[in-house]
Amino acid sequence: MMNREPEQYTTGEVLAPPTERYTVLGWLKKNLFSTWYYTLLTLVTIYILYIVLKPTLIWAFTQAQWQVVVVNLRLFMVGQYPADQVFRIWIALHLLALTAGLAWAIWLPRSRRTGAFLLLIPLALAALPFISSFSRINWILFAVFALAGWGLGTWKPQAMRRPLLALLLAYFPILILLILGVQPILKIVKTNLWGGLLLTMLLAVVGIAVSFPLGILLALGRKSELPIVKFFSIIYIEFIRGVPLVTVLFMAELMLPLFLPPQIVIDNVIRAMAGIILFEAAYMAENVRGGLQAIPTGQYEAAWALGLNGFQTTFFIILPQALRNVIPVLVNQFISLFKDTTLVAIVGLLDLLGIASAVLAQPEFLGKQREVYVFIALIYWVFSYAMSYASRRLEVALGVGER
Amino acid sequence: MSKRIFYVLGVLVVLGMLLAACGNSGQSSNAPQAVKTVIVTVQAKGGSNTPSGYGATLKAVKERGHLICGVNSELPGFGYVDDQGNYKGFDVDYCHALAAAIFGDPSKVEFRPLTAKERFTALQTGEIDVLIRNTTWTLTRDTDLGTNFAATTFYDGQGIMVRKDSGIKKLEDLEGAKICVATGTTTELNLADQMAAHNIDYTPVVYEKADQVYGAYDEGRCDAVTSDRSQLVSRRTTLKNPADNVILDVTLSKEPLGPVVRQGDDQWFDIVNWVVFATFTGEEFGITSKNVDDVKANTKNPNIRKFLGLEGEMGQKLGLSNDWAYNIIKMVGNYAEIYNRNLGPDTPFNLPRGLNSSWKDGGLLYAPPIR
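Residues numbered from 1 in each chain as written. Chains lettered and ligands numbered in written order. Predicted model: local features only at pLDDT ≥ 70, side-chain atom pairs only at ≥ 80, totals over all residues.

Visitor: Kindly report on the overall build of chain A, identifying the contributing residues and their values.
Guide: A tally of helices and strands in chain A yields 18 helices and zero strands. Overall, chain A is about 90 × 65 × 50 Å in size when its C-alpha atoms are taken along their principal axes. Per-residue burial over chain A gives 31% buried out of 403 residues. Within chain A, contacts between residues separated by at least 24 positions form 75% of all contacts whose residues are at least 6 apart in sequence. (Helix = DSSP H or I, 4+ residues; strand = E, 2+ residues; numbered from the N terminus. Buried ≥ 20, exposed ≤ 12 C-beta atoms within 10 Å, placed from the backbone. Contact = placed C-beta atoms within 7 Å.)

See the structure below:
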C-alpha cells in the first residue's frame, strides 16, 4: 500500500534522551575524585581555599568594623542627594519594578527565574538588619509593584502591551525629571549633589544607551561608500581610540570651558557624560563593525534580490544578525564602561569610588579602607555579574551559537 | 594611491599634535612644562572667558548667588564629606567664612572636589572662584601658574614617623632604612633632597595613596613613614598601637598652606586675604561666635568697633558690607574655633597648635591691623 506508515511512528512514544542522575556522593565521585590525580587536585584546591578563605571570613565576621558602611549607606547609594528628596529615587525604582513586572508577565510568562529575581531580591534587601525602616518599607513596596505589574500583565496581556512599550520608552526621561526635579512640583537638585551609586548608574546607563546607537552609526559610516562619511568616521574612531579615557574626561571637564564663551556654562555631570559617550562610541563602533564583517555577502545579495532598499537591508537584514553575533563583545564593553565610570572621580565627581574616598577621610572612620573598598567592590561585582548573566540568558533566548 | 598616503600622513600629524597637547594637560601640574602649555592656551584662546580684572570675581560671585570653592574631598581634618553628605573640615570652614563675608550666609557655597592634579587648571579656567585645598605656597606656583597665594591658614611641615623600639632618633639614624612615601608628591622630592643633602642612603617604598602608605608602615614593610606632620599625627591614631610610634623632631620642609586665587583681580585677592586675617584678629581680640553679640553691644574699644563694623567703613573698602567680619565670627568662628572644631583636642587628631598659634602665644599667626 502506498500510504501505509510504519507502525512504530504512529503509536510509539518518543522517549527523552536518558539523563544522568547522581546521588551527592556519586556526583562527588564522578567530578572530584574519579582518578587519583583528580583526587590530588581536589585536595590541593580545598587546602588552598581553606588557607585563603579562613582568614578572610574570620576578618569579615569578627574583626571588620562595618559601622563605617552602615552609617554612610545613604552616601554610598545617592551621594549628597538631599535626604528629604530621596523618596524621588524610590518612586523611580517603583516605576522600574512595575515595568519589569509587566515585562515579566507579557514577554517571559513562564520564567520563574525572572519572578524570583523581581520578588526575592527586594525582599531579601528589605530583610537586611542595618537599613533604615524607610528603605525597608520601600523595598517591600518594590516587590509589591513588581507583583502588581505581573498581575496586570497576566490579567490582560494583550491590552497591556502598549502601556509597557510606552513605559519603557518614557522611563528614562521620567527618571531624569524625577532626579533633577521639575520647578514648581519637585525641588531642583543640582547635579553637583548627585553621587554614589546613583551617579555611577546614571553615567553607565546613559553612556550605554547613547553610545550604542552612536557606535552603530559610526560603524555603518566606516563601512559606507560615501567618502566623506567614511573618512570622518575613520578619523573620529581612530582619534578617540588613540586617547585614554582619563584624558577625554580631563579635556571635557577642565579644558572645554576655555573654548566656550563665558555665557555658556555646561553642567559638570553632562560634560562627564558627553566625554564617556564620545569615548565609548568609538569602541562600540569597532565592535559592531566586527559583527558587520561577519555577515556573508550572500545576505546583502539576497536582500537586494528581494527588492529591499539600502535602508531596509541594513536595518532589517544585516544589523539584527550582526548585533546578535557580537552580544558577548558588546556586553564586555558595557561591563568595562560601567567600571570605567570610576574615572570621573579624578575630575571631581563623587561617584561610588569618589564617595568612598571621601568617607574614608571622616575622622571617626580613619583607616577603615578595607571595609569600604570590600563593600564597593561587592557592589561593582553584583552589577557586573548581573550584566554578564543577563547577556548569557539573552544569548540562549536568541539561540546564539546554535546555528 | 598617492592620495591615500596623503590622508594617512595628515591624520597621523593631526593626531600626533593633539595627543601631545592632551598628554601634557593630563599630567601632573607639578611639572612646569605641562603648566606652561595650559597657561598659553588660557591666554591665547580663552583670556576673556575667565573672570579677570579688578572686581570681576566678586561681581561674578554675587551675580551667581553663591561661591564656588575648590576643596579636597578626602583629607581627614581638612576636607571630607560627613555621613549626612555635608562638606566638613578646616579648609571647608574657610570657604564658609568667605561666603559669610560676601553674602552674610555661610551656606552659599558650592564645593568642587578637586584632585591635586587638576586643582590649578580648575582655578585658571574659572571653574572655581577660590582654591582652598591644602596647597603649599611656593615661588614656582606663585609665579608660573598665574596664581596668587593669600595669607597662610596652616603652617605645616614634613616630618618622619618611626617605631619607638627602632631606636631611630635623628635623620642620620635612617642610614639604610626603608621609608614609605606617597608617590608624585612634593613629599617624595623633599625626602630625596634632604637625604641627598645629608648624604644618607635609604630605600624609598612608594605607594599611590595615603591609605596604602600607612597600611604598609603598620604591617612593618618599612622602617619609617614620611609626610606632612599634620597627616602623621592624624594617621598615627589609626595605627594598631599608636603609642608605639613616635614622630621625629626633624622638619624636612616648610609647607605653608593657604587659599589660592587667580592673578589679575586684586580686589578678590584682598577679600580672601582679609577674611583669613579676620579669623586671626577675632582670636587676638578674644571674640568668639558665642560672645560676639555681647562684645558688639558693649565694646568701647575703637579697634574692635572697626572690626565689627560699628564704625569706619572697613567692609566697603573691600567691596563687602561693613558687618563682614562680624558675620565671619558669628557664623563660622575665629581661628581658634575653626582649628579646634576640625583638628583640636575634641577630635581624633588632637593636633597641637605649634606654629599655628597666635603671635601672642608664640606662633606665626599675625594679622595686620584692621583700621
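Visitor: Outline the overall build of chain B, supporting the account with residue identities and numerical values.
Guide: Scanning chain B for helices and strands turns up 15 helices and 13 strands. Burial analysis of chain B (371 residues in total) assigns 45% to the buried set. The contacts in chain B between residues at least 6 apart in sequence include a share of 71% that link residues at least 24 apart.

Visitor: Provide a residue-level description of the confidence of the model for chain B, including the pertinent values.
Guide: All names here are of chain B. Chain-level pLDDT for chain B is 84 on average; 86% of the residues reach the 70-or-more range. Confidence, expressed as mean pLDDT per element, reaches its minimum in chain B at helix α2 (residues 32-45) with 34 and its maximum at helix α4 (residues 90-103) with 97. The low-confidence segment residues 16-49 (pLDDT under 50) makes 47 contacts with residues lying over four places distant or belonging to another chain. Across the predicted assembly, pTM comes out at 0.82 and ipTM at 0.80. (pLDDT = per-residue confidence, 0-100.)

Visitor: An account of the packing of helix α11 (residues 227-241) of chain A against helix α13 (residues 268-293) of chain A is needed here, citing residue identities and associated values.
Guide: All names here are of chain A. Viewed as axis vectors pointing N to C, α11 and α13 meet at an angle of 115°, and their least axial separation amounts to 9 Å. If you check the angle between α11 and α13, you find them roughly perpendicular. Pair α11 / α13 crosses with left-handed handedness. Taking contact as the criterion, the partners of Y236, I237, I240 and R241 in α11 are, on α13, L278, F279, A282, Y283, A285 and E286. (Axes fitted to C-alpha atoms, helices over the stretch in contact; angles between N-to-C directions. Parallel < 35°, antiparallel > 145°, perpendicular 65-115°, else oblique. Left-handed = near helix turned anticlockwise from the far one by under 90°.)

Visitor: Quick rundown of the domain arrangement of chain B? Include the residues and the values.
Guide: Residues and elements named next belong to chain B. Its domain assignment divides chain B into domain 1 (48-153 + 258-371) and domain 2 (156-254). The C-alpha-based centres of domain 1 and domain 2 are spaced at 31 Å. Counting residues at the interface gives six residues for domain 1 and five residues for domain 2. Taken together, the residues of the side of domain 1 that touches domain 2 sort by class into four nonpolar, two polar and no charged. (Domains from an automatic or database assignment. Nonpolar A, V, L, I, M, F, W, Y, C, P; charged D, E, K, R; others polar.)

Visitor: Could you give an account of the interface of chain B and chain A, naming the residues involved and the relevant values?
Guide: Residue-level contacts link 39 residues of chain B with 37 residues of chain A. At the level of secondary structure, the elements contributing two or more residues to the side of chain B that touches chain A comprise α1 (2-26), α2, β2 (80-81), β4 (109-113) and α5 (119-124) of chain B. With six residues, α1 of chain B is the single largest residue contributor to the side of chain B that touches chain A. Its residues assigned to classes, the side of chain B that touches chain A shows 14 nonpolar, 16 polar and nine charged.

Visitor: Can you break down the nonpolar core residue by residue, with the values?
Guide: Judged by nonpolar contacts, the single largest core of 155 residues is most densely connected at A272 and V359 of chain A together with C95, L98, V272, V275 and I328 of chain B. Sorting elements by how many residues they give to this core places α13 of chain A first, with 13 residues. The contact partners of V359 of chain A, leaving out residues within four places of it in the chain, are V68, N72, L75, F365 and V372 of chain A together with V81 of chain B. Listed in part, the 15 residues of the second largest apolar core include W104, I106, W139 and W150 of chain A. (Core = buried A, V, L, I, M, F, W, Y, C linked by C-beta atoms within 7 Å.)

Visitor: How would you explain the pairing of strand β7 (residues 154-163) of chain B if you had to name every residue and give the values?
Guide: Residues and elements named next belong to chain B. Burial runs high along β7: seven of the ten residues are buried. In this sheet, strand β12 (residues 253-257) lies alongside β7 in antiparallel orientation, the contact comprising five bridges. Of the residues in β12, the one forming a bridge with D156 is E255. Here β7 runs beside strand β11 (residues 245-247); their pairing, made up of three bridges, is antiparallel. Considered in β11, the bridge of R163 is made with N245. (Pairing = 2+ DSSP bridges.)

Visitor: Let's hear about unusual backbone geometry: which residues, and what values?
Guide: Residue and element names in this part refer to chain B. Phi angles above zero are rare outside glycine, and N134 is one such case at about 30°. You can see N134 is positioned in the loop between β5 (130-131) and α6 (139-144). Take N134: there are 25 C-beta atoms within 10 Å of it, and that puts it in the buried class. A positive phi angle, close to 55°, is found at N199, a residue other than glycine. Mapped onto the elements of the fold, N199 is located in the loop between α7 (186-197) and β9 (202-207). Note on N199: 8 C-beta atoms within 10 Å, which makes it exposed.

Visitor: Quick rundown of helix α9 (residues 161-180) of chain A? Include the residues and the values.
Guide: End to end, α9 of chain A covers 29 Å across 20 residues, agreeing with the expected 28 Å (1.5 Å per residue, within 8%). For α9 of chain A, every residue scored as buried is listed here: L164, L175, L178 and I179 of chain A. (Expected span 1.5 Å × (residues − 1).)

Visitor: Which residues make up the packing of helix α10 (residues 196-223) of chain A against helix α16 (residues 327-340) of chain A, and what values do they have?
Guide: Each pair of packed helices can be described by the angle between their axes along with the distance between the axes. All names here are of chain A. For the pair α10 and α16, interaxial distance at closest approach is 9 Å and the crossing angle is 145°. Our pair here, α10 against α16, has a crossing hand that is right-handed. Across the interface between the two elements, A204, G207 and I208 of α10 pack against F334, L337 and F338 of α16. In terms of residue class, the contact of α10 with α16 is made up of five nonpolar, one polar and no charged.

Visitor: Explain the environment of L343 of chain B residue by residue, including any values.
Guide: All names here are of chain B. Its place among the elements puts L343 in the segment after α15 (335-342). What makes L343 buried here is the crowd of 26 C-beta atoms within 10 Å. If we skip the residues at most four places from it in the chain, L343 touches G77, F90, F349 and L351.

Visitor: Can you explain the environment of V347 of chain A? Please cite residues and give values.
Guide: Note that V347 of chain A resides in the loop between α16 and α17 (352-360). Linking V347 of chain A and F250 of chain A, residues 97 residues apart in sequence, is a C-alpha distance of 6.4 Å. Not counting the four nearest positions on each side in its chain, V347 of chain A is found in contact with L249, F250, E253 and A272 of chain A together with E118 of chain B.

Visitor: Provide a residue-level description of the environment of F280 of chain B, including the pertinent values.
Guide: All names here are of chain B. Position of F280 among the secondary structure elements: in helix α10 (residues 266-285). For the pair formed by F280 and S357, sequence separation is 77 residues and the distance between their alpha carbons is 9.5 Å. With residues up to four places along the chain from it excluded, the contact list for F280 reads Y335, S358, L365 and A367.

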